[in-house]
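Residue-level listing of the chains:
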Amino acid sequence: MRPTVSVITPSYQQSPFIERTLESVYRQRPHVLEHIVMDGGSTDGTVEILERWRDRITFTSGPDGGQTAAINAGLTKSRGEILAYLNSDDVYYDGAIAAALEAFERHPEADVIYGDADHIDADDQVIGRYPTEEFSLERLKLVCFLSQPAVFFRRRVIEQHGLFDTAFDHCMDYEYWLRLGMRGARFVHLPLRLAASRIHPATKTIRLERVIHAEINDMLRSRLGRIPDNWLSNYAHAVLDRRGVPRAKSRGYRMRVALLAIGAAFRWNGFPSLALLRTVASALRSR
């Protein structure tokens, strides 16, 4: 018999999208043992939707410690041998879990199976592909190339490596993949589109871009000891995005990014790397 699957959905104020999430999980039957929704006390109609689904899901609703704590609480309650979490505005594609289970069967050594994913808008239209890559720990330190809704892992992962770190509100998934990789967990990429991550004005990715990049830098410093230069530049872009400065290839824009990255290097690394200083020198010389 195939392993059983538990899907955890943390939720808060997502009534426009959560039913699409529930439907996408329900369509995976008979492979899903349980779908556990941990709602943070929504007041926007989400709970009424969950009540309509009571015979197909398990849910609780009430104040919690935030998204990461909700995921952990759901994982702790779960009974499945294969685990995943799906945010309340994201969706699985049909056949996603069956494909993941087949991959686990082909790769008994795998701790984590991850697939490809799309970005979609509020109307379910695809707006781009998530930049998924074959697994490399050194590359993962530079780019989070795993799309969280397309990731599945064995129960032994949480038994051996613990739950998600509640110190992080935004990059808890990236920290987890890094932690697993640095501890020797085995990742296998399944080159099939399994899920879609929704991008819309209310998402944290849009609303809190600078805050998220600052947290990523905090996390990388604690896990790696030093922030890679590309993440310092990513933070610089996020700062300019927040200020409403449009991205451009102009010398002026490149200089602003370089100077902000230098400032970020002093903040997180103590001093800029030689490579980053060379980037600034190049921006000064170019037209």
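Quick summary incoming for the structure in this document. Predicted model only: the values in this text are computed from it and were never measured. (Residues numbered from 1 in each chain as written. Predicted model: local features only at pLDDT ≥ 70, side-chain atom pairs only at ≥ 80, totals over all residues. Heavy atoms only, no water.)

## Considering the pairing of strand β4 (residues 82-85)
Sheet faces and side chains relate simply in a regular strand, where the side chains alternate between the two faces.
Step number 1: Along β4, one buried face is formed by I82 and A84 and the opposite face, lined by L83 and Y85, is buried too.
Step number 2: Here strand β1 (residues 5-11) pairs with β4 via 4 bridges, running parallel. Opposite I8, over in β4, you have Y85 as the bridge partner.
Step number 3: Pairing of β4 with strand β8 (residues 151-154), which is carried by 2 bridges, proceeds in the antiparallel orientation. By the bridge assignment for β8, L83 is matched with F153. (Buried < 20%, exposed > 50% of the residue type's maximum accessible area, 1.4 Å probe, protein only. Helix = DSSP H or I, 4+ residues; strand = E, 2+ residues; numbered from the N terminus. Pairing = 2+ DSSP bridges.)

## Describing unusual backbone geometry
Step number 1: The amide bond that connects R29 to the next residue, P30, takes the cis arrangement and shows omega of 10°.
Step number 2: Tracing the chain through its elements places P30 in the loop between α1 (18-26) and β2 (32-39).
Step number 3: The residue Q13 is not glycine, and still its phi comes out positive at about 55°.
Step number 4: Within the fold, Q13 resides in the loop between β1 and α1.
Step number 5: Judged by relative accessible area, Q13 falls into the partly exposed class, the value being 30%.
Step number 6: Although it is not a glycine, D124 adopts a positive phi angle of roughly 75°.
Step number 7: Inspection of the secondary structure assignment puts D124 in the loop between β6 (112-120) and β7 (126-129).

## Concerning the packing of aromatic side chains
Step number 1: With the rule as written, the count across this model stands at 14 aromatic pairs.
Step number 2: Pairing F135 with F187 gives two aromatic rings, centres 4.2 Å apart and planes at 5°, and the pair type is stacked. Of this pair, F135 sits in the loop between β7 and α5 (137-140) while F187 sits in strand β9 (residues 187-198); the two residues are 52 residues apart in sequence, bridging distant segments of the chain.
Step number 3: Chaining the aromatic ring pairs together yields one cluster made of Y85, F153, F164, Y176 and W177.
Step number 4: The ring of Y26 carries R56 above its face, with NZ or CZ at 5.6 Å from the centroid.
Step number 5: If you follow R56 out to its NZ or CZ, it ends over the ring of W53, 3.9 Å from the centre. (Phe/Tyr/Trp six-rings, centres within 6.5 Å; stacked < 30°, edge-to-face > 60°. Lys NZ or Arg CZ within 6 Å of the ring centre and 35° of its normal.)

## A look at the environment of R20
Step number 1: Inspection of the secondary structure assignment puts R20 in helix α1.
Step number 2: At a separation of 2.9 Å, a polar atom in the side chain of R20 contacts the main-chain carbonyl oxygen of A122. (Polar contact = N/O pair within 3.5 Å; in protein donor to acceptor, adjacent residues only side chain to side chain.)

## Side note on the nonpolar core
Step number 1: In this structure, Y92, F152, F153, Y174 and W177 are the most contacted members of the largest nonpolar core, which totals 77 residues.
Step number 2: A total of 8 residues in this core trace back to one element, the largest contributor, which is helix α11 (residues 251-268).
Step number 3: Leave out the neighbours within four places in its chain, and Y174 touches L140, K141, L142, V143, C144, I216, M219, L220 and W231.
Step number 4: Of all hydrophobic cores here, the second largest spans 8 residues; its members include I18, L22, V37 and I49. (Core = buried A, V, L, I, M, F, W, Y, C linked by side-chain atoms within 4.5 Å. Contact = heavy atoms within 4.5 Å.)

## Here we look at the packing of helix α9 (residues 209-224) against helix α10 (residues 229-242)
Step number 1: Running from amino to carboxyl end, α9 crosses α10 at an angle of 160°, the nearest separation of the two axes being 8 Å. Classified by the interaxial angle, the pair formed by α9 and α10 is roughly antiparallel. For the crossing formed where α9 meets α10, the hand is left-handed. Contact residues: α9 offers E209, R210, H213, A214, I216, N217 and L220, while α10 offers W231, L232, N234, Y235, A238, V239 and D241. (Axes fitted to C-alpha atoms, helices over the stretch in contact; angles between N-to-C directions. Parallel < 35°, antiparallel > 145°, perpendicular 65-115°, else oblique. Left-handed = near helix turned anticlockwise from the far one by under 90°.)

## Regarding the state of the cysteines
Step number 1: Applying the stated rule across the entire model yields 0 disulfides.
Step number 2: Of all cysteine sulfurs in the structure, the one in C171 sits closest to C144, which takes part in no disulfide; the separation is 9.0 Å.
Step number 3: By relative accessible area, C144 is classed as buried at 15%. (Disulfide = S-S within 2.5 Å.)

## Focus: the pairing of β9
Step number 1: Among the 12 residues in β9, 9 count as buried, and that is most of the element.
Step number 2: Pairing analysis gives 2 bridges linking strand β5 (residues 91-92) to β9, with the strands arranged antiparallel. In the strand pairing of β9, Y92 is matched with A195.
Step number 3: Bridge count for β6 against β9 is 9 bridges, and the pairing is parallel.

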